[in-house]
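Examination of the molecular architecture
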Amino acid sequence: MKNPRSIEFNAHALTLHWNDEPAQRISAHALRMQCPCAECRRLRLRGATPVVPRDIAVLEIRSAGYGMQLVFSDNHARGIFPWAYVAALSGFALGSM
């Protein structure tokens, strides 16, 4: 299983350091827009998008073993982001470092 060796975060972005790959920086907004919880997935499957403030922040990262659960400033904390899912979000990221 692919796990980051470390994660740095501030309120508006996470930087994941992967083994043998460039670091990946993802904005809190991109993470919230791509939340994998059932409610957000249902919206995206119906062609809608979650309403997310541009200044959304990550308040907390909780370990979920195979991924992480993020607590956002809009009180959304339902999704667990598996590591493989996060790694695949590079197209939604702020870019690799």
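These remarks concern the structure in this document. (Residues numbered from 1 in each chain as written. Predicted model: local features only at pLDDT ≥ 70, side-chain atom pairs only at ≥ 80, totals over all residues. Heavy atoms only, no water.)

Inspection of every chain in the model, using the stated rule, returns four salt bridges. We note a salt bridge from Arg-32 to Asp-74, for which the minimum N-O separation is 3.0 Å. Taken together, the residues Arg-32 in helix α1 (residues 28-33) and Asp-74 in the loop between β5 (67-72) and β6 (80-82) connect sequence positions 42 residues apart. Residues Arg-62 and Glu-60 are paired through a salt bridge, measuring 3.3 Å at the closest nitrogen-oxygen approach. Classification of Glu-60 as partly exposed rests on a relative accessible area of 35%. (Salt bridge = Lys/Arg side-chain N within 4 Å of Asp/Glu carboxyl O. Helix = DSSP H or I, 4+ residues; strand = E, 2+ residues; numbered from the N terminus. Buried < 20%, exposed > 50% of the residue type's maximum accessible area, 1.4 Å probe, protein only.)

Let us now look at the sheet that holds β6. Taken in spatial order, the three strands make up an open sheet running β4-β5-β6, and their pairing is antiparallel. The open sheet has two edge strands with one neighbour each: β4 (58-63) and β6. Sheet twist, expressed as the mean angle between neighbouring strand axes with direction ignored, is 30 degrees. Where β5 meets β6, three bridges bridge the pair, whose relative direction is antiparallel. Among the inter-strand pairings, Gln-69 is bridged to a residue of β6, identified as Ile-80. (Pairing = 2+ DSSP bridges. Axes fitted to C-alpha atoms, helices over the stretch in contact; angles between N-to-C directions.)

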